[in-house]
Amino acid sequence: MLWAPESAAEPRTRRTAASGSPARGSRAAEVLPGPGSPEGDAVSELTGLTPLEVLRRLDSGPRGLTESQAEERLVRYGENVLAGQRPVSWPRRFLWSLRDPFTMVLLCLGLVSAAVAAWGTACVTTVLVVVGCVLRCRGEYRADRSMEALRELVATTATVQRRTAPGSAPVPREIPVDQLVPGDVIRLGPGDLVPADVRLLRASGLTVHQAALTGESAPVPKHPLDGPGDPETALFGQPHLCFQGSSVVSGSGTAVVVATGGRTRLAAAHPGRRRQRRDTAFDRSVQGISWILIRFMVVTPPLVLVANAALRGRGLEMLPFAVAVAVALTPEMLPVIVTTTLARGAALLARSREVIVKRLPALHDLGAVDILCVDKTGTLTQDRPVLDRCFDAAGDDAPEVLHWAAVNSLWTLQLADVPTPDALDEAILDAAAAGDSARAHGGDLLEYDGVAALPFAPARRIATAVVGRTDRAGVHTLVVKGAVEDVLERCARLRSGGRDEEMDTAARERLCRTAQREAAGGLRLLAVALAERPACLGSYTPADERGLTFIGFLGLRDATVESAAEALAALARSGVTVKVLTGDHPGTAARVCQELGLDPGPVVTADRLDGLTDTELVELAERGSVFARCGPEHKARVVSALRAGGHTTGFLGDGINDLPALHAADVGICPRDGVDVSREAADIVLAAKDLTAIDHAIATGRRSTGNIVSYLRITLSSNLGNVIAMLAAGLLLPFLPMLPAQVLVQNLCFDAAQLALAYDRPAPAALRAPSRLRPADFVRFITRFGIINAAADLATFAVLVLAVRGAAEPGGEAVFHAGWFTENLLTQALVMLLLRAGRRTAEGRRPSVIGLAAAALAAIGILLPLSPLGASLGLVALPPVYYLLLAVVLALYGVGLAAAKAHYDEHRPERR
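Criteria and thresholds
- Residues numbered from 1 in each chain as written.
- Predicted model: local features only at pLDDT ≥ 70, side-chain atom pairs only at ≥ 80, totals over all residues.
- Heavy atoms only, no water.
- Helix = DSSP H or I, 4+ residues; strand = E, 2+ residues; numbered from the N terminus.
- Buried < 20%, exposed > 50% of the residue type's maximum accessible area, 1.4 Å probe, protein only.
- Contact = heavy atoms within 4.5 Å.
- Areas by Shrake-Rupley, 256 points an atom, 1.4 Å probe, with all protein chains shown as cover.
- Salt bridge = Lys/Arg side-chain N within 4 Å of Asp/Glu carboxyl O.
- Patch = residues over 30% accessible without salt bridge, like charges linked within 9 Å, V, L, I, M, F, W, Y side chains within 5 Å.
- Expected span 1.5 Å × (residues − 1).
- Arc of directions from axis to C-beta.
- Pairing = 2+ DSSP bridges.
- Axes fitted to C-alpha atoms, helices over the stretch in contact; angles between N-to-C directions.
- Phe/Tyr/Trp six-rings, centres within 6.5 Å; stacked < 30°, edge-to-face > 60°.
- Lys NZ or Arg CZ within 6 Å of the ring centre and 35° of its normal.
- Parallel < 35°, antiparallel > 145°, perpendicular 65-115°, else oblique.
- Left-handed = near helix turned anticlockwise from the far one by under 90°.
- Nonpolar A, V, L, I, M, F, W, Y, C, P; charged D, E, K, R; others polar.

Caption draft 1: Representation of the overall build of the protein chain in the model. A count of helical and extended segments in the protein chain gives 31 helices and 23 strands. Among the 912 residues that make up the protein chain, the fraction classed as buried is 54%. Taking the intrachain contacts of the protein chain between residues at least 6 apart in sequence as the baseline, contacts between residues at least 24 apart amount to 75%. Carbon and sulfur atoms make up 59% of the accessible area of the protein chain, which amounts to about 37100 Å² in all.

Given below as structure tokens:
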């Protein structure tokens, strides 16, 4: 090496370094590509240079930059932060909210109303549009504030060594990550996040976790090279390079920063601006329902005008009434109800589950999710190994193997002075302590005297500990553990059934096949071997690792998350299918799924996906449960194929390699400790990578969607019935069935009462299956119940004729208006109680919010015609006999409505 090894005992100022906080363009002009070159090229260009050449290109050295050099580069090239999105201003956010289809429908109605001088209708629709947009803007603004708070939780410092003057000694100190510049020399230790793209100068036992970049869960060994990197090796596979967004698992190192900001590989995966998201389930549902309403509203006014002109000889004087009919058909409160319902659900999740909903419609999409795609690492497993079994050459359990492996781990760590145990060593020592194997096979581990250690090195993939015992003076035992092939090639004998025998080629091949079979079953195998040597006064070298006796295998597996099995079962009960998309070995993924009760079926590997067309992939994605060896493009293809197959798909990911799939899914989900670019791309941010939190969030989404569905069903069916009755009455009566002002007041009362639906509690049955806004289902529902409502209205007409003994009598027209006004509000109150998706009022002793709203609506319908305000609207008191006849009509209407609802629930499409 060009420099002396770094001392492991060097003092450190902190255990956890910087996060790869998002970064904006810093580039050394004399080193890095120009502004027009692709991002991420700086690292690629410097890979083919020697360490000395890299330092010269960066105008730096092993001792780092001076403070003046660092300040000059920072001023000239900017901070080490990714090109983030600018905060969205309130006016821009408000204009974006106007693009909602329902909002556009209301705006068009307001313009038409203003055009025909129906100023009351125009004002009301405008107010509803403004209220809905403000509520949506407020909810999304609060989500953005929460995301800013999350960014503050991420560590933002790094240990850098700088000099006060060219001739002074370097001094290590903590600086914010965004102050790093190319040429800085930084120190890395266990638990640190790599703050920029770096090239290693020195390292001791360094391994890093690159799952956020590559999806591979196993730590990757890193070490410096004296020469240039291998051009045939992929960039993330280069042993002398570490990348922003990766984390140090074990060991320590010193490295020079070669790329910051927009030139890092992290930035290359981040386009600097939000991608155009594809239409989600919410978008498709809203567009479908909107077009249905638009068709009705376009047809209704001309139909009213033509029919009245042909049968009654009325002309343009019917235009305000025709517009009022179109308004009556529209669910004016829908934007307000949708935004209020979703915002309330998002607020509840933020308070109770620490789940941030960044995009309010994503809460509906989450409730509609029927397939959830997840990675294995961190979601199903804890990203740490545990011992599964230890066995000898014959396949029999062999606790002796664990004992000697623990001796190796303990004394390797003690004698090699490794800063922190490797994850495999920790798992072995934990298993030995829990299994009490030490006392059963040779006494306590500390009864051995450590003599020497040859730590793990990437080139030889084994670790050796040399130990002795006081009762066996003059004899040293070499304990070797490591990769199966590397240990076996050093063995001359094997131990089976307590006897040692020669190891020939056939036995070695048989053991290799055993290792391959266990690896295919999801175990990570280590081989353990021993050798006894006469005590040596000199140093032990790798040449002494020969003529060993193989004693057995250690099988380790990924530790599963404790709550994962229960969460998977809960998701299955909720009608959500979980599919695993991982970069790991197929056997490892399948084993984890089996342990958690998830049937893996035939595991599909990425190379098989490459040979399929999009149509073929749709069929395979439907059948498969586990997809292994997946890269970013494979995950995105599987998610897109599931969506093409008609599924609403969620994807949980936290790494850069998950970005394409996060964009492709209906709902992108990321934990708050995921990389920044993934959090920015996600729709939902979790406090932790926990399936249980997702299950609760899905239930909240279904509650919100259930309330929206209730509103649409109640409003559209009631409005359709009223429109049918208005059209019939307009043709049968010599006067308008209701004045435009009365129609407007009636709609306002009904709309205000329906705000209570945003606070309803859906029945448990509404949470058992994915919930969607299906336009075809709405058409069937509102047609059936709209006809029932129209029948009640027509029956009321007959009652009114009987009650007032003919509309031609003096005051008969006003009585008819008042009678139908009252009947409309009473039937709408009844509809709110009977057609809601929530719990029945009788289920609790306290009246529900829906019951109170319906009672208020009914009270207005009865009392308003009797009040002075009613007189100003042209309403008059009704004869007592009318109330008796109306009670009969309402009773029959309620019975018919309840029977139709029960029949619909029994035969609705979701239950088939």
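That shown, we press on.
Caption draft 2: Examining the pattern of salt bridges more closely. In this structure the tally under the stated criterion is 26 salt bridges. Between Asp388 and Arg591 there is a salt bridge, and its shortest N-O distance comes to 3.0 Å. With a gap of 203 residues between them, Asp388 in strand β10 (residues 381–391) and Arg591 in helix α19 (residues 586–595) connect regions that are remote in the sequence. Relative accessible area serves as the criterion here: at 28%, Asp388 is assigned to the partly exposed category.

Caption draft 3: Seen up close, a nonpolar patch on the surface. Nonpolar side chains collect at one region of the surface, where Val298, Val299 and Leu303 lie side by side and expose about 270 Å² of accessible area between them. Here Val299 is to be found in helix α9 (residues 281–312).

Caption draft 4: Region of the structure containing helix α17 (residues 505–520). Relative to the 22 Å expected for 16 residues at 1.5 Å per residue, α17 spans 23 Å between its end C-alpha atoms, a close match to the ideal helical length. Turning to α17, its buried residues are Ala507, Leu511, Thr514, Ala515 and Glu518. Summarising the axial view, the buried residues of α17 lie within an arc of 100°, below the 170-degree limit, and thus occupy one face. Seen from the open side of α17, the exposed residues pointing more than 90 degrees away from its buried face are Thr505, Gln516 and Arg517. On its buried face, α17 sits against β10, α16 (484–488), β14 (491–496), β16 (524–534) and β17 (548–560).

Caption draft 5: Highlighting the sheet that holds strand β23 (residues 684–686). The sheet built from eight strands is open, its strands ordered β8-β23-β22-β21-β9-β18-β20-β19 with mixed pairing. Single-partner strands in this sheet number two, and they are β8 (355–357) and β19 (604–605). Sheet contacts for helix α21 (residues 614–623): β18 (577–581), β19 and β20 (626–628); angle to β18, the most-contacted strand, approximately 115°.

Caption draft 6: Just the pairing of strand β22 (residues 667–671), in detail. When you tally the buried positions in β22, you get five out of five residues, the bulk of the element. Across the two faces of β22 the burial is the same, with Val667, Ile669 and Pro671 and Gly668 and Cys670 all buried. Relative to β22, strand β21 (residues 649–652) is paired through three bridges, and the arrangement is parallel. Bridge pairing links Gly650 to Val667 in β22.

Caption draft 7: Examining the packing of aromatic side chains more closely. One pass over the structure, following the stated rule, counts ten aromatic pairs. With a centroid separation of 4.9 Å and 75° between ring planes, the pair formed by Phe236 and Phe243 is classed as edge-to-face. Its relative accessible area of 0% is what places Phe243 among the buried residues. Site record: aromatic cluster; members linked through ring pairs are Phe391, Phe550 and Phe553. Over the ring of Phe391 we find Arg389; its NZ or CZ atom is 4.1 Å from the centre of that ring. Above the face of the Phe781 ring, Arg713 is positioned so that its terminal group lies 4.8 Å from the ring centre.

Caption draft 8: Inspection of the packing of helix α28 (residues 812–835) against helix α31 (residues 880–907) at higher detail. Packing of α28 against α31 brings their axes to within 10 Å, and their N-to-C directions diverge by 30°. When the interaxial angle is binned, α28 and α31 end up roughly parallel. Note on packing geometry: the crossing formed by α28 with α31 is right-handed. Facing Gly819, Trp820, Thr822, Glu823, Leu826, Thr827, Leu830, Val831, Leu834 and Leu835 of α28, the residues of α31 in contact are Tyr882, Leu886, Leu890, Tyr893, Gly894, Leu897, Ala898 and Lys901. A class-by-class count of the residues in the contact of α28 with α31 yields twelve nonpolar, four polar and two charged.

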